[in-house]
Amino acid sequence: MSYDRAITVFSPDGHLLQVEYSMEAVRRGSTVVGIQGKDCVVLAVEKRATAKLQDDRTIRKIFSIDDSTVLAFAGLTADARVLIDRVRVEAQSYRLIMEDAPSAEYLARFVAEIQQKYTQRGGVRPFGIATLLTGLDPPNQRPVLYQTDPAGTHSRWKAQVIGGNNAKSLREFLEKQYTADLDEAAAVKLAVQALMEVVDSGAKTMEVCVVRTGGKREMLSESVVQSTVQVLEQEQQAAQQQQQPVE
Amino acid sequence: MSMFGMEPLVIGDDILDIGSRKAVDRYCGNKAQIGLSQDLLMGRPGAFDVPNVKDPALYCSSHFRSTCGTGDAGQEIKFAKGTTTLAFKFNGGIIVSVDSRATQGNYISSQTVKKVIEMNPYLLGTMAGGAADCSYWERRLNLQCRMYELRNGRRITVAAASKLLAGTMASYRGYGLSMGTMITGWDETGPQLYYVDDDGTRLKGKMFSVGSGSTFAYGVLDNYYREDLTLEEAIDLGKRAIYHATHRDAASGGINNLYHVTKDGWVKIHAIDVNDMHYEFEEEKRNEMSS
């Protein structure tokens, strides 16, 4: 008997194969990097090359959910669209009922709950996306970074990568390079540096968004990203030259 | 979290749907379409049975509503109601003062009703109107507040708690609920006082009095209220206002339960029989006359 047909069937060794296959779908998506700094969270996404005739301004990967909550996903775009709309409605519903802004943890938990529901019901398939969500933490209004996956778990991260074939190696890269209390410039630099490992360099292949303490958020302009890329390239070249033996 | 109109994906009965309008509509409104017989619906968790008549709202409202005065003259069973409750904010926090009488028509059914529901150490609710309505819905609000706390790791704000209750009341509009309550507490935004009504009214304010004796209480409160009352003066004012209301309103009486809401939660100050207060104030009047 094949255990990967129905979502609601466990395999003998305890796997939900459909859920694991949906994580494969996430791996086929483009990369997203999230870095938690001292007073900011940086989300950087890989922008894949679009067809010549396609208007790439209509391809978005970073979405605003609420005033200070931002979500980036990796995986099936259409699934993300549906999920993002649900979260947006939930955020407004929360504001209406609670007379207060929803915290990032609440929204991440909501996304995760929906994703989980779709792994435990007949006739549906899981959402083929993982998300990195950033928003404010109520007591001190500092931005925090949460991740959800198709299995419906959510957890908080200091730095995380989703999507793309190299997520695992990128995570190892971040583990080596990440330090606590990065200021904004350093956090942006680290995010771009991580992305540069997997994309062709150049600002045109990246989109970077920063959410700051107090709720201000900004999509960094191409020129800012480009200058960060240039600085990193120069540093890389300098490091390579140092390693080359002097002839 | 959803207010009316937005249905999230639902699997099975959510414990929080028990008694909600969503459950009523789902199981009773569509009865004809889904072909369920009355037997299957009886005792089903998650729904209130509504009368099997053409207009259930009107039927409930005219037969079961607790109304003041002679409004319930046509009812076979007159439900317990009648009250004076009051609460006011001052510089030292919030005073909540209530009576403890329940009347069913002309019959005093109880002199020892607890009209302040201690929802949790920092949130209080008062009850005026139908005793059963207040009691049930405020205890259910307590459940919702507790679930919020467990799910989110922090206390619910008074604004949100009162909003949840107001939303519930609004969704049962027309069904004849009778509830006039004040939700009060101290959260991270300071001391808060909200009035919530059975038709979904929700008002933020500094002073409210609710119930059949409220007009008498307002007279005393408006006369002596100042923001800079000391704690003793505020307690005395709360006590006095309830006494005067119970003196003139037949549907109020019994014991005056008085609470003080502070930054560290609420404190019960006293429970004094209003009869004893009568003689205390009588004595006071006599002393004033003679001095």
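What you see is a predicted model; the values in this text were computed from it and never measured.

### What to know about the overall build of chain B
Stage number 1. Each helix and strand in chain B was counted, giving nine helices and twelve strands.
Stage number 2. Here chain B, with 291 residues, has 48% of them falling under the buried criterion.
Stage number 3. Pairs at least 24 residues apart make up 60% of the contacts formed inside chain B by residues separated by at least 6 positions.
Stage number 4. Surface summary for chain B: the accessible area is close to 14,300 Å², and the carbon and sulfur share equals 53%.

### Some thoughts on helix α4 (residues 167–177) of chain A
Residue and element names in this part refer to chain A.
Stage number 1. Taken residue by residue, α4 has Ala 167, Leu 170, Phe 173 and Leu 174 as its buried positions. Buried residues of α4, viewed axially, fall in a sector of 115°; they line one side. Facing away from the buried side of α4 by more than 90 degrees, the exposed set consists of Lys 168, Glu 175 and Lys 176.
Stage number 2. Contact partners of the buried residues in α4: β1 (32–36), β8 (159–162) and α5 (184–196).

### Describing the UniProt feature "active site" (unreviewed entry) in chain B
All names here are of chain B.
Stage number 1. Mapped onto this numbering, the UniProt entry annotates "active site" (unreviewed entry) at Thr 83.
Stage number 2. Mapping Thr 83 onto the fold places it in the loop between α4 (56–64) and β1 (85–90).
Stage number 3. Judged by relative accessible area, Thr 83 falls into the buried class, the value being 4%.

### Notes on unusual backbone geometry
Residue and element names in this part refer to chain A.
Stage number 1. Non-glycine residue Glu 99 carries a positive phi angle of around 55°.
Stage number 2. Secondary-structure assignment places Glu 99 in the loop between α2 (77–98) and α3 (104–117).
Stage number 3. Judged by relative accessible area, Glu 99 falls into the partly exposed class, the value being 37%.

### A closer look at the pattern of salt bridges
Residues and elements named next belong to chain A.
Stage number 1. Evaluation of the coordinates by the stated rule reveals 26 salt bridges over all chains.
Stage number 2. Here Glu 46 ties to Arg 48 by a salt bridge, and the two come within 3.4 Å at their closest N and O atoms.
Stage number 3. Take Arg 48: its relative accessible area is 44%, and that puts it in the partly exposed class.
Stage number 4. Note that Glu 207 and Lys 47 form a salt bridge whose closest N and O atoms lie 3.8 Å from each other. Separated by 160 residues along the polypeptide, Glu 207 in strand β9 (residues 206–212) and Lys 47 in the loop between β2 (40–46) and β3 (62–66) bring together distant segments of the chain.
Stage number 5. On the basis of relative accessible area, Lys 47 is assigned to the partly exposed category, the value being 29%.

How each quantity is defined
Residues numbered from 1 in each chain as written. Chains lettered and ligands numbered in written order. Predicted model: local features only at pLDDT ≥ 70, side-chain atom pairs only at ≥ 80, totals over all residues. Heavy atoms only, no water. Helix = DSSP H or I, 4+ residues; strand = E, 2+ residues; numbered from the N terminus. Buried < 20%, exposed > 50% of the residue type's maximum accessible area, 1.4 Å probe, protein only. Contact = heavy atoms within 4.5 Å. Areas by Shrake-Rupley, 256 points an atom, 1.4 Å probe, with all protein chains shown as cover. Arc of directions from axis to C-beta. UniProt positions renumbered as here; feature names shortened; annotations may be inferred. Salt bridge = Lys/Arg side-chain N within 4 Å of Asp/Glu carboxyl O.

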